[in-house]
Amino acid sequence: MFRKAAGVVKAYTVFVDFPDVPAEGTPQERYREFFPAVPDYFAKSSYGKLRYESTPRFRWIRMAKPLAAYGIDRGVSFRPGYSAVSAEVDAAVGDGVDLSSYDLLNVLFTPNAGPPATEKVLSVTFGGTSFIWSRQTGDSAWRVLAHENAHAFGLPDLYGFQGYPPHPVGHWDPMDEDWGPTNDFMAWHKWKLGWLDREQVGCVSGPGVREFTLTPVSDAGGLKLVSVRLNDRWAINIEVRTKSELDPAVCRPGVLVSTVGVGVKSGAGPVRVFDARPGSGGCELADDVATELSDATYLPGQTFTGPGRSVAVQVLGVDGSGGHQGHQGYRVRVALGRQAVGGLPPAAR
Ligand SMILES: [Zn+2]
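So, how was this worked out
Residues numbered from 1 in each chain as written. Predicted model: local features only at pLDDT ≥ 70, side-chain atom pairs only at ≥ 80, totals over all residues. Pairing = 2+ DSSP bridges. Helix = DSSP H or I, 4+ residues; strand = E, 2+ residues; numbered from the N terminus. Axes fitted to C-alpha atoms, helices over the stretch in contact; angles between N-to-C directions. Buried ≥ 20, exposed ≤ 12 C-beta atoms within 10 Å, placed from the backbone. pLDDT = per-residue confidence, 0-100. Contact = placed C-beta atoms within 7 Å. Domains from an automatic or database assignment. Nonpolar A, V, L, I, M, F, W, Y, C, P; charged D, E, K, R; others polar. Arc of directions from axis to C-beta.

K.L.:
Hey, could you run me through the sheet that holds strand β9 (residues 234-241) in this one?
P.N.:
Sheet strands pair by backbone hydrogen bonding; their relative direction is either parallel or antiparallel. Strand order in the open sheet made by the 5 strands is β6-β8-β9-β10-β11, with mixed pairing throughout. Strand pairing shows two members of the sheet lacking a second neighbour, β6 (201-204) and β11 (271-273), which therefore form its edges. Within this sheet the neighbouring strands show an average axis-to-axis angle of 25°, counted without direction. Looking at chain direction, strand β8 (residues 225-229) and β9 are connected through 4 bridges and run antiparallel. Paired with V226 across the two strands is I238, which belongs to β9.

K.L.:
Explanation requested: the environment of V209 in the structure shown.
P.N.:
Relative to the elements of secondary structure, V209 occurs in strand β7 (residues 208-214). In this structure the C-alpha to C-alpha distance between V209 and S134, which are 75 residues apart in sequence, comes to 50 Å.

K.L.:
What is the right way to look at the pairing of strand β5 (residues 129-132) in this model?
P.N.:
On any regular strand, side chains alternate: one points to one face of the sheet, the next to the other face. Alternating positions in β5 separate into two faces, T129 and F131 on one and S130 and I132 on the other, with burial throughout. Bridging between strand β3 (residues 104-109) and β5 involves 4 bridges; their strand directions are parallel. By the bridge assignment, L105 is partnered in β5 with T129. Sheet topology places strand β4 (residues 124-126) next to β5; 3 bridges connect them, and they run antiparallel. From the neighbouring strand, V124 faces β5, where its bridge partner is F131. What sits between β4 and β5 in their antiparallel hairpin is a turn of 2 residues, with G127 showing a positive phi close to 60°.

K.L.:
Could you clarify how one ought to interpret the confidence of the model for the chain in this entry?
P.N.:
Caution applies to low-pLDDT parts of the model: their predicted coordinates are not meant to be read in detail. Counting all residues, the mean pLDDT for the chain is 92, and 94% of those residues have values of 70 or more. Predicted confidence for residues 343-349 stays below pLDDT 50, and this span has 13 contacts to residues more than four positions away or in other chains.

K.L.:
Could you clarify how one ought to interpret the domain arrangement of the chain in this entry?
P.N.:
How large an interface is tends to be reported as the accessible area lost when its parts come together. The assigned domain composition of the chain is domain 1 (7-154) and domain 2 (198-336). Placing a centre on the C-alpha atoms of domain 1 and another on those of domain 2 gives a separation of 33 Å. Between domain 1 and domain 2, the residue contacts involve 4 residues of the former and 4 residues of the latter. Grouping the amino acids of the side of domain 1 that touches domain 2 by side-chain chemistry returns 1 nonpolar, 2 polar and 1 charged.

K.L.:
In this structure, what is going on with the sheet that holds β5? I would like to understand it.
P.N.:
Pairing is mixed across the open sheet formed by 5 strands, whose spatial order is β2-β1-β3-β5-β4. Here the strands that pair on one side only, and so sit at the sheet edges, are β2 (50-62) and β4. Between one strand and the next, the sheet's axes are offset by a mean angle of 20°, whatever the strand orientation. As judged from the 10 bridges shared by strand β1 (residues 7-17) and β2, these two strands associate in the parallel manner. When the sheet's bridge partners are listed, F15 is paired in β2 with W60.

K.L.:
What is the right way to look at helix α2 (residues 37-45) in this model?
P.N.:
Count 3.6 residues to each turn of an α-helix, and residues three or four apart come out pointing the same way. Within α2, the full set of buried residues consists of V38, Y41, F42 and S45. Around the axis of α2, the buried residues are gathered within 95° of arc, so they sit on the same side. If you follow the buried residues of α2, they end up packed against β2 and α4 (143-152). Count one or two residues on from α2 and you reach Y47, which has phi positive near 60°.

Below you can see the structure in the form of structure tokens.
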């Protein structure tokens, strides 16, 4: 059901307007809002593993009915509105193009249709088809398409739907916040998408103390993720985030500790970041983003203590030699077991 996220990923991209909301610009202009930014982003974030090829059809497809007739709103299901749009897109594309030969279909609506994205986000993905409405603000507004395509690849929403904490991950992954400054995917998501090799993931599943050297998630090469299994349901994930091209807004480089719950639904907080500085207000200066978790990282000398004191993550230090190809390596000591905290030796330095 999910689309592959590694190798050559072929997208077909179409442009849609309505009889009562005709397009004001050209399809080429709309296309340039997202391309080549989205393929470039996936290429860098995946360390070259995802090669995104988009074939645009540079003509506005005029829907048969006015916009309101499709009943589009946030949270609506595929039928009847989006299925009607899809049927009209299929008919307009015609038999000359075999849509089933593409991994993704991007439907870019004219940006003047519907409410501004700053007021109401309508963009949505069903199966391999991403429907993109309006425009986000900021210098990386194209990320709404990366976010929606990532749903097609199988990633859940990390922001909270109604009744859940709104931003349990904050700006550490575009599946929580795809607005504001650009941000890289968490190591857990890169693992799920098939962008990490087996030796780039460390697993801790039994009691004991182990040491690892992690390199920043945005840099190619080296160990990216240490996953500590707590029980059948929950794991603790450890990764390193530093300021980089894909993570320009990182204001406290360090070790990010989060938890992932097996079977926790999209929008119910499947991933949650632990805050090294709770209640600090954060350090990120960008507008419109949730700032509290922006300084959630642990720095050398600090120790994260997990639920029931059964797991501890001690950040030992940073060095160049322990990393990969000259990149910074963060040395961490992970202790798992009933006596994890008491049994943790003091930091080496
Ligand atoms: Zn989403």
